[in-house]
Every structure is written in C-alpha cells, then in structure tokens.
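Here are the chains, one letter per residue:
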Amino acid sequence: MRDYVGRFAPSPTGPLHFGSLVAALASYMEARTAKGKWLLRMEDLDRAREQPGATEQILRALERLGFEWDGPVLWQSARLERYREVLEDLSRRGFAYPCGCSRKELEDSALAIDGSRVYPGTCRHGLAPGKSARASRLRTHATPIAFADRIQGEVEQRVEREVGDFVLRRADGVCAYQLAVVVDDHDQGVTDVVRGADLLDSTARQIHLQRILGARTPRYAHVPVAVDTAGQKLSKQTGAAPIDLADPKRELARARRFLGQDDDGWDLTRVPRARALVTS
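For the structure given in this document, a descriptive report is provided here. A quick note: this is a predicted structure, and the numbers were derived from the prediction, not measured.

Structural notes on the pairing of strand β1 (residues 5-8)
Here is step 1 of the chain: Burial along β1 is two-sided: Val5 and Arg7 and Gly6 and Phe8, pointing in opposite directions, are all buried.
Here is step 2 of the chain: Looking at chain direction, β1 and strand β2 (residues 37-42) are connected through 4 bridges and run parallel. Residue pairing for β2: glycine 6 is matched across the bridge by tryptophan 38.
Here is step 3 of the chain: Traced from β1 through helix α1 (residues 18-33) to β2, the parallel crossover comes out right-handed.

A closer look at α1
Here is step 1 of the chain: Across its 16 residues, α1 extends 22 Å between first and last C-alpha, which sits within 8% of the 22 Å expected from 1.5 Å per residue.
Here is step 2 of the chain: Looking at the residues trailing α1, positive phi occurs at lysine 35, about 55°.

Focus on the packing of helix α5 (residues 177-187) against helix α6 (residues 203-213)
Here is step 1 of the chain: Close contact between α5 and α6 brings their axes to 10 Å; oriented N to C, the two are set at 55°. With respect to α6, the element α5 is oriented oblique. Judged by the twist between their axes, the crossing of α5 over α6 is right-handed. Contacts from Tyr177, Gln178, Leu179, Val181 and Val182 of α5 reach α6 at Arg205, Gln206, Leu209, Gln210 and Leu213.
Here is step 2 of the chain: The residue inventory of the contact of α5 with α6, partitioned by class, reads 6 nonpolar, 3 polar and 1 charged.

A closer look at the sheet that holds strand β4 (residues 96-99)
Here is step 1 of the chain: Taken in spatial order, the 3 strands make up an open sheet running β4-β5-β8, and their pairing is antiparallel. Either end of the sheet is taken by a strand with one partner, and the two such strands are β4 and β8 (166-169). Across the sheet, the mean angle separating the axes of adjacent strands is 45° when strand polarity is ignored.

Let's talk about the state of the cysteines
Here is step 1 of the chain: Summed over all chains, the structure comprises 0 disulfides.
Here is step 2 of the chain: Of the cysteine sulfurs around cysteine 101, a residue in no disulfide, the closest is that of cysteine 123, at 3.7 Å.
Here is step 3 of the chain: Here cysteine 175 is not disulfide-linked; the sulfur of cysteine 99 is the nearest cysteine sulfur, at 16 Å.
Here is step 4 of the chain: For cysteine 175, a relative accessible area of 12% puts it in the buried group.

Overview of the environment of valine 167
Here is step 1 of the chain: Residue position: valine 167 is located in strand β8.
Here is step 2 of the chain: What makes valine 167 partly exposed here is its relative accessible area of 24%.
Here is step 3 of the chain: In contact with valine 167, not counting residues within four places along its chain, are Ser136, Arg137 and Ala176.

Some details on the pattern of salt bridges
Opposite charge on two side chains lets them pair, provided their charged atoms get close.
Here is step 1 of the chain: The tally for this structure, following the rule as stated, stands at 28 salt bridges.
Here is step 2 of the chain: Here glutamate 88 ties to arginine 84 by a salt bridge, and the two come within 2.3 Å at their closest N and O atoms. Note that glutamate 88 and arginine 84 are positioned in helix α3 (residues 80-92) at a spacing of 4 residues, about one turn of the helix.
Here is step 3 of the chain: Among the residues examined, arginine 84 registers a relative accessible area of 37% and is labelled partly exposed.
Here is step 4 of the chain: A salt bridge links aspartate 172 to arginine 170; the nearest nitrogen and oxygen atoms lie 2.5 Å apart.
Here is step 5 of the chain: Several salt bridges converge on common partners, so that one network encompasses Arg7, Arg41, Arg79, Arg82, Asp184, Asp185 and Asp187.

What about the sheet that holds β2?
Here is step 1 of the chain: Sheet architecture is open: 3 strands sit in the order β1-β2-β3, paired in parallel fashion. The sheet terminates laterally at β1 and β3 (74-75), the two strands that pair on one side only.
Here is step 2 of the chain: On top of the sheet, α1 reaches β1 and β2; it is set at about 150° to β2, its chief contact.
Here is step 3 of the chain: The strands that α5 touches are β1, β2 and β3; relative to β2, the one it contacts most, it runs at about 145°.

Parameters at a glance
Residues numbered from 1 in each chain as written. Predicted model: local features only at pLDDT ≥ 70, side-chain atom pairs only at ≥ 80, totals over all residues. Heavy atoms only, no water. Buried < 20%, exposed > 50% of the residue type's maximum accessible area, 1.4 Å probe, protein only. Helix = DSSP H or I, 4+ residues; strand = E, 2+ residues; numbered from the N terminus. Pairing = 2+ DSSP bridges. Right-handed = clockwise from strand over helix to strand, strands pointing away. Expected span 1.5 Å × (residues − 1). Axes fitted to C-alpha atoms, helices over the stretch in contact; angles between N-to-C directions. Parallel < 35°, antiparallel > 145°, perpendicular 65-115°, else oblique. Left-handed = near helix turned anticlockwise from the far one by under 90°. Contact = heavy atoms within 4.5 Å. Nonpolar A, V, L, I, M, F, W, Y, C, P; charged D, E, K, R; others polar. Disulfide = S-S within 2.5 Å. Salt bridge = Lys/Arg side-chain N within 4 Å of Asp/Glu carboxyl O.

Okay, structure coming up:
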C-alpha cells in the first residue's frame, strides 16, 4: 500500500466559486477517506491573470469551509528555478526544443483536442533561417497513451496527432502548466490526483512528460465540471459567483449532492461518470 498524497491546486484569478469547491471537496474527501495527506498548491505563475487579493480570499474561504491542509502551501511562483532546471535538462537530452512559431502562423493547423491548434512540427528539426525562439516545446510520438481514470473509465489519446509537440515555456517566458504540474506532483510525492474533468484531455500529455522524466504516474480521477444551463463551465472568467461563506454548510451540502454523495461518508464510485453536469 502506498501512502496516499492528494492535492488541490487553485489559480488565484478570483474568489473560490462552486466549480472550484467541487474539485476541492472531492480531492479532500478522497484523501481523508484514505487516511492520507491533502496538500494545497497555488498555481500563481500567470501574474497577468492573477486578481489582487484572490489568494487570501481562497485561503480564507477554504478555512471557513472547514478544509485543513497538510504542511505549508506550495507557491509555484517560488519554484521558477526548479522549472528552469528541468526544462534545461529536457533540452540537453533532446526532448525539448525551441520554437519560433507565432499563433498566427498556426491558424491553418487542425484543431487540437483542447481547442488549441495541433502543432505541425514546424520547428522540430531546427529553427528556420531568420527565426528566433519564442517558446519551448516537448517532442511527442505516435504511440497512444492510455490510462484508467477512476471516474471516467478507460482513456486513450494519441498526443502527437491530437495535440502535437506541446509548449513547456510560453512566448512570454512563463513556464507552461503542463511542465509545472508534472514537476510539482513529482516533487511533492503526489500519488492521487482528483480534479475537474476539464483537465482530462491534459492527462496524456502529463503522463508523456512523466515517463520522460522518470516520474511516477499518479492515479487519476476526474470529477464532472459544473456548468450552467447554457453548458458554459463555471469559472472566474465567466463570472461565476463566489461561494457564499455566510452559509458554508449549505454550500458543502450542495457540492456533495453534485458529486452524488449522501450527507454522511464518501464513496468515489458514486460520483457521476460524466464530464459535465448542470449545477442547481
């Protein structure tokens, strides 16, 4: 038996909303049911999208809702040197390479599984004359990556065809999510990732990078994403209302119902096998 280590990793782009509460509750309850650790990580790399005071609001909301995390909060903004070291190692070993393509130059590429553009490999064999590096990408391959999600079931993705060589460092110099999350999960010894199904399509990319780095692949469980009646995901970007901290018990009960749970106990097998559910 492995000692269970779970985590919750919000971005401080606004106050805690219902969709984030669902992910927090699911990851917390699964960790506590397994008598494991539950870590808190702030994904605060994208300073342009960060809302002033959001970090304090999120921490205060989690405390008001009764969440207790193990150990200190991990701040991604304090780990830039670690990410740089990993990227340099990947480049030295030939897995990562510089890319000079702009978004406009990729507009004619096929749509990727996540709504971006499939990278056609333009810079895979070197920058074209006159081009300068804008970003760093990770080489992918044609072999499908399959994993068993504990909620969504069997998942398979051909990353090279469905996404292409993906970004590890953006054109603005910011470390990309895919690199940071893999390095953080490895360094923190995370054994189980319970998060929203909006990140399901990122998982194969993360497993691909884990294998290159020799990192352990956690077990994954992706809970349904909360959407409104128009099918739009509840998020800070779409103006989702903050959690009502005046009545935390009501908000927690609402999240439990959304996750298919009774008032007492926790059973991951009762979480609906759906990518999205309309919130009441």
